[in-house]
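What follows is the residue order along each chain.
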Amino acid sequence: MAMFYFGLSEVLSSKYPTQALLSDEKFLTSGNVFTRFGIQLIALIGYRTRYYFAWKFSEGAIILSGIGFNGIDKDSGEYKWDRVEVIDVPNFDFAQSLRQASAAWNKTTNYWLKRYTYDRCKPSHPPREGPPKGIFSFRH
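Residues numbered from 1 in each chain as written. Predicted model: local features only at pLDDT ≥ 70, side-chain atom pairs only at ≥ 80, totals over all residues. Heavy atoms only, no water.

S.K.: How should the overall build of the chain be read in this particular structure?
M.R.: When helices and strands are tallied, the chain shows eight helices and zero strands. Secondary structure elements of the chain, listed N to C terminal, follow the sequence α-α-α-α-α-α-α-α. For a compact globule of 140 residues, the expected C-alpha radius of gyration is about 14 Å, and the chain comes in at 20 Å, more than 25% above that figure. Principal axes of the C-alpha set define a box for the chain whose edges measure 55 × 40 × 25 Å. By the burial criterion, 21% of the 140 residues in the chain qualify as buried. When contacts within the chain are restricted to residue pairs at least 6 apart in sequence, long-range pairs at least 24 apart make up 41% of them. Looking at the chain as shown, the accessible area adds up to about 10,500 Å², and 62% of this sits on carbon and sulfur atoms. (Helix = DSSP H or I, 4+ residues; strand = E, 2+ residues; numbered from the N terminus. Rg over C-alpha atoms; globule rule 2.2 N^0.38 Å. Buried < 20%, exposed > 50% of the residue type's maximum accessible area, 1.4 Å probe, protein only. Contact = heavy atoms within 4.5 Å. Areas by Shrake-Rupley, 256 points an atom, 1.4 Å probe, with all protein chains shown as cover.)

Shown next, in the form of structure tokens:
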């Protein structure tokens, strides 16, 4: 998958460079707003696939080292290699809400925050989301 995202990034970035779209007077004044919006959307997909490539490439390295092994599925008996899955690309790209997009993006960090901060906060305190978000903000 990593090489697919690399190729997609190279093809889209060469055809629709994001920097040129911001400074090209011809692009900014020509066509209708829907055409410009569509071209910008394609350019941003090409930009985003750079991150997909890096994350999927690092996941591949983790799987090859053996760290990504997550046991055997009880139902099917197949090996699971998703212990360190950073992003679920289809669920992120086609998310119907911000919550779904956030859950699909940076999955391992979200799991860590849920397990070690959110679950330890008492449910009686109304701002239960406060400490995890504070730790996440401090981390970045």
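S.K.: Can you help me understand the environment of Lys 74 in this one?
M.R.: If you trace the backbone, Lys 74 turns up in the loop between α4 (33–65) and α5 (89–93). Considering only alpha carbons, one finds Lys 74 and Asn 32, 42 residues apart in sequence, at a separation of 54 Å.

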